[in-house]
Every structure is written in C-alpha cells, then in structure tokens.
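# Observations on the model geometry
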Amino acid sequence: MGSQGGFGQSKEFLDLIKSIGEARSKAEEDRIVINEIDILKKRIIEPDIPKRKMKEYIMRLVYVEMLGHDASFGYIHAVKMTHDDNLHLKRTGYLAVTLFLNEDHDLIILIVNTIQKDLKSDNYLVVCTALNAVCKLINEETIPAVLPQVVDLLGHTKEAVRKKAVMALHRFYQKSPSSVSHLVSNFRKRLCDNDPGVMGSTLCPLYDLISADVNSYKDLVVSFVSILKQVAERRLPKSYDYHQMPAPFIQIKLLKILALLGSGDKKASEQMYTIVGDIMRKSDSSSNIGNAILYECICCVSSIHPNPKVLESAAEAVAKFLQNDSHNLKYLGIDALGRLIKISAEIAEQHQLAVIDCLEDPDDTLKRKTFELLYKMTKPSNVEVIVDRMIDYTMSINDSHYKTEIASRCVELAEQFAPSNQWFIQTMNKVFEHAGDLVNLKVAHNLMRLIAEGFGEEDDTADSQLRSSAVESYLRIMGEPKLPSAFLQVICWVLGEYGTADGNYSASYITGKISDNAEAHSTDDMVKAYAVSALTKVYSFEIAAGRKVDMLPECQSFIEELLASNSTDLQQRAYELQSVVGLDARAVESIIPMDASCEDIEVDRELSFLNGYVQESLNKGAQPYIPENERSGALSISNFRIEEHVSSGHSLRFEAYELPKPSVPSRPPMPPVSSTELVHVPESTHHREFHEAVAPKLSVSGTGSSEIKLRLDCVQKKWGKQTYSSSSPSTSDSDTHKTQNGATHRDVPSSLSSKARDVSYDSRRQHEDINPEKQKLAASLFGGASKSEKRSAAGHKASRPNSHTTEKSHAEKSGPSDVGAVKASPQPPPDLLDMGEPTSISTVVDPFKQLEGLLDLNEGTTAPGSSSAAKAPDFMSLYGDTSFSGQNMGTANLLSTGSGDANLISGISHAPDRNGHGTGSTVTLTTQLSKGPNTKEALEKDALVRQMGVTPATQNPNLFKDLLG
C-alpha cells in the first residue's frame, strides 16, 4: 500500500479518485474502473485484513458501483461490516449496503437480525443508522419483523430518533398501507411533538393520508392553521430559517395540506383566509424561496373556496411574476394564472399584454406553458385566433410528441367552439397538412361525418355549398406532396361521394384525380382501397343518372393492377367495381344510392331469408345442423332443448353409456312393473311420446302424468367427470322474448351556444410604446364579442362533431318476437372464454339422489322471478340468444338460471325451431318431491330422455358475434 494521503485514506485511493476525475472519455474511465475491480478482487479475499483497510475497500466498491460496474463480489463484505461494534465501521457498512442492495435482494435476510439488534441499542446514533437502513431495505414481507420496535421508538428521548421513526412508519405506509393502518393515530400525536423537526416530519405522512381520505382529517384544520401561524410569526428557532424565511419547507407542506382540506369546503376555507393573506403580504419576492412560498399560496387560493380579497392578493402576486425579467418567474406566473382563471376569467384580462409577450418569447418552455394557458381560456369569441396560433406553432417544432399534443388540442377546440362548419373543415385541413400522421384517426372519421351530415337542418342549399367547398379545397390540396394517409382517405371519400354532385366537375376529371392520387401512393393499401371505393361510387352515380361511363386508361390500368393484387380486400373491391359497371341503372341505384352515407343499414344477423331454403332441405331429408360445442359431447343432459326429432339410427347419441346388463337367454313377457326395475319402453309408446314432443308448436301437453321417476336401485353409483357450470351470469327460467332491435340513434353534434361577454381590460396598463399589432392580438384573445356578434353567434347553430360523441351504431334485425313471451330481465353478457372452475358449488350430494324425481312436464309459461321456478347451474345459458338494442349495446337479454341444488334440468323453456322462430309455448321441467313407482310416468320419462339424447336442441351459439360485428 502507498503512504497515507489526506482524510485518513491511502494515497492509492486518492489517486483512483483523481484519475477518474481526469478521465477524458468514457472508455478511459472504464479502463480505470476495470483495473480497480481486478485489484479489489485480489485484495478483498486476503486473510486478516485490517478493519481500516476493509472500510477503504468497501468505499472503493461504492465508487465502482456508482460508475455503472458490477461489484457484487464485495456485497457480502459490506453485510459483514454492518455487524461490527465500531460505529464508524457500522455506518460505513449500512451506507454501502443501502447503495448495493435493493429490498428484494437475497442478502436482505442476513441484515434483518442486525437491524433488530441495532434498534434496541443504547447508542442513539446506532439506532438512527438502523432506522435509515429500515427505510431503504425493509420490504413488505419483513415489515412485521421490525414494526413493533419502530413504534416503540416514537417515544424515544432523542428527537432525532423520533423523527426517523416517523419517517420509517411513513415508508411502511407507502409500501404496505394495511400494515400500519392501525397506527395512524400515532401521526396525530407526533403532530403535537415539542420538537419542530418531529412535527415537520409528520406532515409528510399526514399529507398522503389526507390525499386518500380528506373527510377523516377535517378536524385538524384548526391545528394546521395554528401551526402555520406560529411558523409565519417566527416562533420557531432560528436554525429553521432559510434565506431569512422562517421554516419555508414546513410552510409549503402546510399550504399543500390546507389546499386539500379546504377544497369545496366553505367552512374550513374561512379559517384559512387570514393566515394565507398574511403570508402573501409578508413573503419576500427577492429570493427564490420567498417566490416558492408565494406560488404555493396562489395554488392554495385556487383550490379552496374563493374569497374576493384573497383572490385580489393572488392576482397581485401573479402580476409580480409576469412583470419579472426572469423566465423562471414568468413560467410560475403563467402557471399560476392558469389556476386562477378557473375561478375568475377576468384575472387573465388584466395581464393580456404580458401573456402575448410570453407567447412570442424565444424560450420554448415558456411558450408551451403559455399555449396551455390559452387552451384553458378558449371561448367562442377567441377560438379562431388561438387555434391559428397553435397551428402555426406546430409548423415550427420538431418534437413529434408535443406536436401530437398540440394537434389534439386544436382538434378539440375546433370541435367544441367552431363558429361555422366551413371554418372547421379548413382548420382540419391545416391540422392534417402540418401534423401529418400524428393526428388521431377519429378526427378523420369525424370530419367525414360532418361533411356527410351537413348542418343538421333542412337547408339543403347550405349543405350543398359546404360539400362543394370541401371538394374544391381537396382538389386543390391533392397536388401537394407528403400528405398523410388519413387525410388522403378523407379526400378520396369526399371526392367519391360528392365529386360530381354539383355538376361543376365531370366524372372523368374526378376519376382521373383519384387514380393519380392512388398511383402516387402505391405502397399504401388503405389509400388504394378508398380510391377504388371512390371510383365505384362515381361510376355508379353516372350509371344511375343514365349517362355513359367511359373509363379512363389510367383508371383501367389501376383496376387491372388491383385484380392481381396480393391483398384480398383490394381484389374484392376491384371485382365489385367491374360488376357494378356492367349493371343497369335501376340495379345500380338500388345498390349504391346517392348521398346515402348517413342512412342506417339494417343487418339480419339471423339470416332469416334462408329459412325457407333450410326448411325445404330438412323436409327432403337433410340432416340438421349440430353446433360444434354439442358435437364434442361435452355437455350434460340438462343443457339440451327439445327440437324436431331426427331418427335415432342416423344421429349421434349424447347421453352417458348404459351399464352392461346380464345376458338373458330368452325374454319372458313383460311382468308388472316393480319398484326395483327400469321399465321397458314399448315401441308404440315411444313413437307416441315422440310425436307429442315434436308437435309443430313444440309444446308438451299438460294432460299427461305430472310425475316421472327413475328407479335407480342396484345401479352402480358412479358418474363421469363433472362438467363445467356457470352460476353467473344467470338466466331466467321464463321465455326469452326476442325483441326487434330499435333503429340506431344518430348522434348529431349539437352546437354550443355560449354568450360572449363584453370584456374591457384595464387601459391604464397600456403604455404609449405598445405595438398596435400586440394590442389587436390581445383584443382578439381576451376581448369579448360585441352585441351584434352575440346576436349572430346566438343565431348561428352549426352542427359540429364532438370527439366524445358516440359513434352511430347499425341496427340489428333479430328474429320474429314470440307471441305471449315475457321479456327477460337484462343481465351482463357472459364471458364466453372463461372455462375455469365453477364459481359456486353446491353442497356435496349423491348425483343419483339428485336424479330421483327428475322431470315434470307442464304446459304454461313461467314468469320471471317466480318463486316456483326451479334453479340450477346451466352451462348452455352462456350460448343463449342475445338480442341487443340499438341504444344499449352493452346489455344482453339472456335466459336467467338460478343457483339451486335440487334440479339438474332447468331453463329448457321456449325452445326455438330451426328457423329461429319461437313456438309460443314453453316446456318447463321442475322437480317433484313425491316418490313411488308409476308405470306411465316412467314410460314418458324414458321416451323423453331418449329423444333428448338423440336430438340435442341447442341453437348455434353466436360465439363470434362481437368479434365479427
């Protein structure tokens, strides 16, 4: 080792620090550190190293870690040093460990016992060191090991220990709030501690607690105001002063807490007005810490219940910030002004020239903050000036993230305050041109919807003028280079819909422009798709008008190219175009009507137009469709519904295999039925029961026996694996009433009619040397509209799209409603992909005991919520028909199933036929409590079970209804 250097360290250590500081590149620094690592690896494993040398090695390892290299080979030596009795070595070990390890490191377990021991030490410096390590190293699992000792230290005689104990409890609350929820009262007690440091440390956990639950701490308002008053009156020791300001950080934290407690509470706010006003008057604006307290006072005033005098003081403080030459203070002033205008918009008018100066300042950060202020104070009278300024600013910045934010704000303000539709279209064109693909796709769809809907009134002339101006502007813009994809899609759509509507442009001119546009962007499939659709519309309108269609050579080559495209979507669009061109005028007019983009389209998702063909095929002997989930045979017998019977010899069987029976050489005539036998079903009886079950109305006569029993004696009581069931969402035992979906509602954006106020700003603040341009701009931003402008603004009702308006939904045409059916209560749609274990399982019972007294065939309809309705888990309820209304797409009308444990077959009601039509009657299966042999009932039951096993009657589940739209 070299000779001793300064500060008790070796010359070798000091040379390491010096060489690192003099390194001219990162590569040179890495070479120095790697060389140091090699030296430490050799020396740290030497036997009998003096503690002073080990301490130096640990500090050199800290330098290695800080410079981004791995020093894990020395972690264990740092942990060992925390066990040392020497205070200096222990503190060095704890310091190194807190820098080396995180709370989830494997070596943490070796430190917990040392921390527990040190927390009980008589030396308060050792206790403080251990508490520092607790805040850094203790994780959620090890909190209970040290929590009792930390709580005991809250009453320690040394204020430094009490302060660090409060900090440790605050850290525990941040990591695991539930672990210290019972200790919240300790923070209240420490708030009254005699030492200001302990009291100040308590403010941090109390701020977090108040942020989570304000109402529980309303009683502390008086205490916080009293503490703040004492601090402001300099009753704390001089050691807490900073730049001649009394305990400024305690003041700032108290003001933050008061802002939370006074928000929306007039009574609590009235107790704060005096002290907040005094602090603003006494604050020293010549120092940064004084300005920080002043800014925090303004934030507090903007949060609590407003008071005119306090607001005036806050406005004066804002004026001091804005009039200062420092950009930092101007930034504070703009931010504070943005908070105050939420309470009083007139405050901004007093500082309009200062705001204009900040808007033109070369400091980009200050300029961005000023745009945020303008965004908050936008209204119908100044929206044009502010949006134009924002669009101009997007042209001068290269930050794509902030450009996206500015573009979205322009769109939002234009949609909310646009004075006319023409201005809105022009503004959106500018946004698309300058922001490019950073604009949200919703903006493009909103723009297309606005052009299609027009003003939303009966004035067709105004709508035609709007669309004509859009076509002219887009034809002019198409020649510009580097247009974004979303904007090109809008252009193609508008030219296809309205390019030839007013007769100003011929079809050949429009189609030529569209083709040129598509060829210029040959790599963008979406633009080409919109272009093909636009060509189809133009040619269709020409054919419908009786005019001859002459396809241009460039259009023909474009279509031929798409016919051989790798994209199936583009191929289909091209083939559709060829097919449409070959049709007559009447057919084309019915396929693509003129200006029908806003018309509702009814979609028959049940494909009811195929019902006749399906029925004809079934009558000719075709096999009915069996859903895939039933094909797998994974469903229980309780999930089947009664449908039209198919011969059992040519269909799959879904019931469990019968147990093998002993072979009998000859079968004697059928004896009388005993209580221990299964009854044989004669063929004639089976056919009779079958014909009753599959009557045209699919009803079961109620004149038959009301009790059917299975004799299960001497049967091996084993069953297969339990099938999945679902207890929620439940379905109703009553009939599902299929209602026709209502027509989709159209969200026509309504114009905002807000009265512009006459605003006059303080002329005394204007100087003679003010630029007239600035005066005009300030009048545009802050000045109100005149009375004539108010009348014109009130009279103009423009329809504008709103970004929060829900998109128009298409009407869905469901099957015919069932006569006499009862509408099921709406339930949330089930999760069709949830194949987990059953959410609720009834008490364990013998399944064969559940099958006894199984069925009861009655005719009638069960009302929803009826107490007599049997309830059981029903997996097939997940696949029941769901009909959505046009105005409530999120609510499903499903068959509800209860959660009882007595009936395994329920919810088999109102079985639809294969055409999707209801039968008008219901098959209700409920349990019966009476028992005993009954030949007729056994025959009916056996026939029904056979028939259900042969032809499961569940409709095809619409599993992909949501996915495929």
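Small disclaimer: the values here were computed from a predicted structure and weren't measured.

So, about the overall build of the protein chain. Scanning the protein chain from N- to C-terminus turns up 40 helices and six strands. Considering the protein chain as a whole, with its 965 residues, one finds that 46% of them fall into the buried category. Sequence-distant contacts in the protein chain: of pairs separated by 6 or more residues, those separated by 24 or more amount to 74%. Of the roughly 50000 Å² of accessible surface on the protein chain, a fraction of 51% belongs to carbon and sulfur atoms.

In this section: the environment of T404. If you trace the backbone, T404 turns up in helix α23 (residues 400-417). In this structure the C-alpha to C-alpha distance between T404 and V439, which are 35 residues apart in sequence, comes to 6.6 Å.

Take unusual backbone geometry next. With a phi close to 55°, H243 is a non-glycine residue in the positive phi region. Positionally, H243 belongs in the loop between β1 (241-242) and β2 (245-246). You will see that Q244, though not glycine, has its phi angle at about 65°, which is positive. Looking at the secondary structure, you find Q244 in the loop between β1 and β2.

With their axes 13 Å apart at the nearest point, helix α5 (residues 87-100) and helix α6 (residues 109-119) run at an angle of 135° to one another. Viewed along their axes, α5 and α6 adopt a mutual orientation that is oblique. Where α5 crosses over α6, the handedness of that crossing is left-handed. Of α6, the residues touching α5 (which contributes K90, Y94 and V97) are I111, T114, I115 and D118. In the contact of α5 with α6, the residues fall into four nonpolar, one polar and two charged.

Attention shifts here to helix α7 (residues 124-137). Its 14 residues place the ends of α7 20 Å apart at the C-alpha level, agreeing with the 20 Å of an ideal helix rising 1.5 Å per residue. Most of α7 is tucked away: 10 of the 14 residues are buried. Residues of α7 that are buried make contact with α5, α6, α8 (143-152) and α9 (159-175).

Following the criterion strictly, the structure yields nine aromatic pairs and no others. Between Y75 and F100 the ring centres are 5.0 Å apart and the planes differ by 25°, which places this aromatic pair in the stacked class. One end of the pair, Y75, is in helix α4 (residues 75-81); the other, F100, is in helix α5, and 25 residues separate them in sequence. The buried category is assigned to Y75, whose relative accessible area is 10%. Since its relative accessible area comes to 9%, F100 is described here as buried.

Throughout the structure, instances matching the rule amount to 32 salt bridges. Between E29 and K26 there is a salt bridge, with its nearest N and O atoms 3.2 Å apart. Placement of the pair is E29 and K26 together in helix α2 (residues 26-43), with a separation of three residues, close to one helical turn. Owing to a relative accessible area of 16%, E29 belongs among the buried residues under this scheme. Among the residues examined, K26 registers a relative accessible area of 48% and is labelled partly exposed. In this structure, D241 and R234 form a salt bridge, with 3.8 Å as the shortest nitrogen-oxygen distance. Overall, D241 belongs to the partly exposed group, its relative accessible area being 25%. The network of salt bridges with shared partners includes E12, E36, R43, E56 and R60.

What follows concerns the nonpolar core. In terms of nonpolar packing, the biggest core is built from 197 residues, with L101, F172, F224 and Y474 touching the most fellow members. If one sorts the elements of this core by residue count, helix α27 (residues 485-498) sits on top with 10 residues. Setting aside its immediate chain neighbours within four residues, Y474 contacts I425, N429, L447, I451, F487, V490, I491 and V494.

Bringing helix α20 (residues 352-359) into the picture now. Counting buried positions along α20 gives six out of eight residues, so the element sits mostly inside the fold. For α20, every residue scored as buried is listed here: Q352, L353, V355, I356, C358 and L359. Check the buried side of α20 and you find it contacts α18 (327-340), α19 (346-349), α21 (364-376), α22 (383-394) and α36 (772-782).

A few words now on the environment of L183. Take L183: it is sitting in the loop between α9 and α10 (184-190). Taking relative accessible area as the criterion, L183 reaches 10% and is therefore assigned buried. In this structure, the C-alpha to C-alpha distance between L183 and V151, residues 32 residues apart in sequence, is 8.4 Å. Aside from chain neighbours lying at most four places away, what touches L183 is L147, V151 and L169.

In this section: the packing of helix α16 (residues 288-303) against α18. The relative placement of two packed helices is expressed as an angle between their axes plus a distance between the axes. For the pair α16 and α18, interaxial distance at closest approach is 9 Å and the crossing angle is 10°. If you check the angle between α16 and α18, you find them roughly parallel. Note that α16 runs across α18; the crossing there is left-handed. In this structure, α16 contributes N291, Y295, I298, C299 and S302 to the contact, and α18 contributes L329, L332, D335, A336, R339 and L340. When the residues that make up the contact of α16 with α18 are grouped by side-chain class, the tally is seven nonpolar, two polar and two charged.

As a further point, take the confidence of the model for the protein chain. Per-residue pLDDT for the protein chain averages 74, and the proportion of residues at 70 or more is 65%. Between the elements of the protein chain, mean pLDDT differs from a low of 36, seen in strand β6 (residues 923-925), to a high of 95, seen in helix α13 (residues 248-262). Here residues 634-649 scores under 50 on pLDDT; set against residues more than four positions off or in separate chains, the count is 68 contacts.

Taken together, the side chains of L607, F609, L610, Y613 and V614 define a hydrophobic patch exposed on the protein surface, amounting to about 510 Å² of accessible area. Residue placement: Y613 occurs in helix α33 (residues 611-619).

Turning to the environment of D335, a few remarks are in order. Structurally, D335 is set in helix α18. Residues D335 and E372 lie 37 residues apart in sequence; the distance between their C-alpha atoms is 8.6 Å. Excluding residues that lie within four positions of it along the chain, D335 makes contacts with Y295 and K369.

Definitions and cut-offs
- Residues numbered from 1 in each chain as written.
- Predicted model: local features only at pLDDT ≥ 70, side-chain atom pairs only at ≥ 80, totals over all residues.
- Heavy atoms only, no water.
- Helix = DSSP H or I, 4+ residues; strand = E, 2+ residues; numbered from the N terminus.
- Buried < 20%, exposed > 50% of the residue type's maximum accessible area, 1.4 Å probe, protein only.
- Contact = heavy atoms within 4.5 Å.
- Areas by Shrake-Rupley, 256 points an atom, 1.4 Å probe, with all protein chains shown as cover.
- Axes fitted to C-alpha atoms, helices over the stretch in contact; angles between N-to-C directions.
- Parallel < 35°, antiparallel > 145°, perpendicular 65-115°, else oblique.
- Left-handed = near helix turned anticlockwise from the far one by under 90°.
- Nonpolar A, V, L, I, M, F, W, Y, C, P; charged D, E, K, R; others polar.
- Expected span 1.5 Å × (residues − 1).
- Phe/Tyr/Trp six-rings, centres within 6.5 Å; stacked < 30°, edge-to-face > 60°.
- Salt bridge = Lys/Arg side-chain N within 4 Å of Asp/Glu carboxyl O.
- Core = buried A, V, L, I, M, F, W, Y, C linked by side-chain atoms within 4.5 Å.
- pLDDT = per-residue confidence, 0-100.
- Patch = residues over 30% accessible without salt bridge, like charges linked within 9 Å, V, L, I, M, F, W, Y side chains within 5 Å.

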